[in-house]
Amino acid sequence: HLLLTGDLAKASLLVRPRLPGDRMRPRGLGGSKSLQDLMVDRKVPRAKRGRLPVVCAGEEIVWVPGLAKGELAPLPRHAATGGKGAVLLTATPL
């Protein structure tokens, strides 16, 4: 699950397949990394790599279910909406 709050909850979200050269800023990494490198590092089987959805808010990748949450996604303890609304995203394997 991923809870988006504040400005991210209002952003236009796009779910798309992975594209060559995609990069994201995984939470806790302190920088960006290519999705390809993340998948290799986390030992995602090659056959599954093309089937993972990529969730974007604008140009920023905010979540790849089963792989990583982006730096912009709030930590659960900081996810209070403050009356600004929230969006809960859930991914279910096919």
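Everything discussed here concerns the structure shown above.
These figures come from a predicted structure and were not determined experimentally. (Residues numbered from 1 in each chain as written. Predicted model: local features only at pLDDT ≥ 70, side-chain atom pairs only at ≥ 80, totals over all residues. Heavy atoms only, no water.)

A.B. asks: Hey, could you go over the overall build of the protein for me, with residue numbers and the actual values?
C.D. replies: Along the backbone of the protein there are 3 helices and 8 strands. Secondary structure elements in the protein, listed N-terminal to C-terminal, are β-α-β-β-β-α-α-β-β-β-β. In the protein, which comprises 94 residues, the proportion classed as buried is 35%. Sequence-distant contacts in the protein: of pairs separated by 6 or more residues, those separated by 24 or more amount to 67%. Of the roughly 6,100 Å² of accessible surface on the protein, a fraction of 55% belongs to carbon and sulfur atoms. (Helix = DSSP H or I, 4+ residues; strand = E, 2+ residues; numbered from the N terminus. Buried < 20%, exposed > 50% of the residue type's maximum accessible area, 1.4 Å probe, protein only. Contact = heavy atoms within 4.5 Å. Areas by Shrake-Rupley, 256 points an atom, 1.4 Å probe, with all protein chains shown as cover.)

A.B. asks: Tell me about the side chain of Asp22, residues and numbers included.
C.D. replies: Position of Asp22 among the secondary structure elements: in the loop between strand S2 (13-16) and strand S3 (23-24). At 2.8 Å, the side chain of Asp22 and the side chain of Arg16 are in polar contact. Polar contacts involving the side chain of Asp22 include one to the main-chain amide nitrogen of Leu19, which spans 2.8 Å. Ignoring anything within four residues of it in the chain, the contact list for Asp22 reads Arg16, Pro17, Lys33, Ser34, Leu35, Val54 and Ile61. (Polar contact = N/O pair within 3.5 Å; in protein donor to acceptor, adjacent residues only side chain to side chain.)

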